[in-house]
Amino acid sequence: MSPIEAELKKLMLAGLAGDAIAHRTLLGILSGRLRAYYKRRLARTGRSASQAEDLVQEALLAIHIRRHTYNPAEPLTPWVHAIARYKLIDHLRATRASFADLPLEDAAEVVAEDDHVGIESAYDLDRLLSRLPHKMRRVIQCVKLDGLSVTEAAHRCEISESAVKVNVHRGLKALAAAIAAEKRRNEDR
């Protein structure tokens, strides 16, 4: 176990045991590491490093909210990395980012138009979600967009946890099929 892994795990375990100072220290250390991670990843997609700060805050919030899911028998850094990676993937999907193939000289133009892409993405997401049944749409909103745990979403939607999982799975599958169909239609034009 690396020294940083040992330190982070010790802080996490102390935080789980109720030590608020250890928990704050853990989040402080992770914020610097997450910021560097996101800046590197965003640069690879032609994105502005300024977006890293939002991702850091989202990841730290998810780590804080989901800390009860951490298994103390396992290393901490893969658990943190999984959360960070999912937040990055969600961000890139939500903002239609896949600019890795663009030449570097086009990066400024892409970033300059980012506000419009964000608005269009939100519109597209709303349009896609509107195709789903209300329960499915609400559960996806809670879990995937609002970041609630399955338990929290079940409570908010007044359904069982297994129903939340099934609705999320089926809803995402339906959304993926709708996106694929729309993509095929656009390519046929």
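Presented here is a report on the structure given in the accompanying data block. Being a predicted model, the structure only gives us computed values, none of them experimental.

### A closer look at the overall build of the chain
Of regular secondary structure, the chain possesses nine helices and zero strands. The linear arrangement of helices and strands in the chain, starting from the amino end, is α-α-α-α-α-α-α-α-α. Scored against the burial criterion, the 189 residues of the chain give a buried share of 35%. For the chain, long-range pairs separated by at least 24 residues make up 61% of all intrachain contacts whose partners lie at least 6 apart in sequence. Total accessible area on the chain stands at roughly 11,800 Å², and carbon and sulfur atoms take up 56% of it.

### Things to note about the nonpolar core
Among the nonpolar cores identified, the biggest contains 26 residues, and Leu-30, Leu-34, Tyr-38, Ile-63, Leu-76 and Trp-79 are the most heavily contacted of them. At the level of elements, α1 (3-16), α2 (20-44), α3 (52-65) and α4 (76-94) are the ones that each hand at least two residues to this core. In terms of residue count, α2 provides more of this core than any other element does, eight residues in total. Ile-63 has contacts with Leu-27, Leu-30, Leu-34, Trp-79, Val-80 and Ile-83, leaving out every residue within four places of it along the chain. Of all hydrophobic cores here, the second largest spans nine residues; its members include Leu-148, Ala-153, Ala-154 and Val-164.

### Brief notes about the packing of helix α7 (residues 134-145) against helix α8 (residues 150-157)
Where α7 meets α8, the axes come as close as 9 Å, and the angle between the chain directions of the two elements is 140 degrees. On the basis of the axis angle, α7 is oblique to α8. Considering how the two elements wind past one another, α7 and α8 form a crossing that is right-handed. For the pair formed by α7 and α8, the contact residues are Arg-138, Val-139, Cys-142 and Val-143 on the first element and Ala-153, Arg-156 and Cys-157 on the second. When the residues that make up the contact of α7 with α8 are grouped by side-chain class, the tally is five nonpolar, no polar and two charged.

### Considering the environment of Thr-69
Looking at the secondary structure, you find Thr-69 in the loop between α3 and α4. For Thr-69, a relative accessible area of 46% puts it in the partly exposed group. Polar contacts involving the side chain of Thr-69 include one to the main-chain carbonyl oxygen of Arg-66, which spans 2.6 Å. Here the side chain of Thr-69 touches Trp-79 through a polar contact of 3.5 Å, side chain to side chain.

The rules we used
Residues numbered from 1 in each chain as written. Predicted model: local features only at pLDDT ≥ 70, side-chain atom pairs only at ≥ 80, totals over all residues. Heavy atoms only, no water. Helix = DSSP H or I, 4+ residues; strand = E, 2+ residues; numbered from the N terminus. Buried < 20%, exposed > 50% of the residue type's maximum accessible area, 1.4 Å probe, protein only. Contact = heavy atoms within 4.5 Å. Areas by Shrake-Rupley, 256 points an atom, 1.4 Å probe, with all protein chains shown as cover. Core = buried A, V, L, I, M, F, W, Y, C linked by side-chain atoms within 4.5 Å. Axes fitted to C-alpha atoms, helices over the stretch in contact; angles between N-to-C directions. Parallel < 35°, antiparallel > 145°, perpendicular 65-115°, else oblique. Left-handed = near helix turned anticlockwise from the far one by under 90°. Nonpolar A, V, L, I, M, F, W, Y, C, P; charged D, E, K, R; others polar. Polar contact = N/O pair within 3.5 Å; in protein donor to acceptor, adjacent residues only side chain to side chain.

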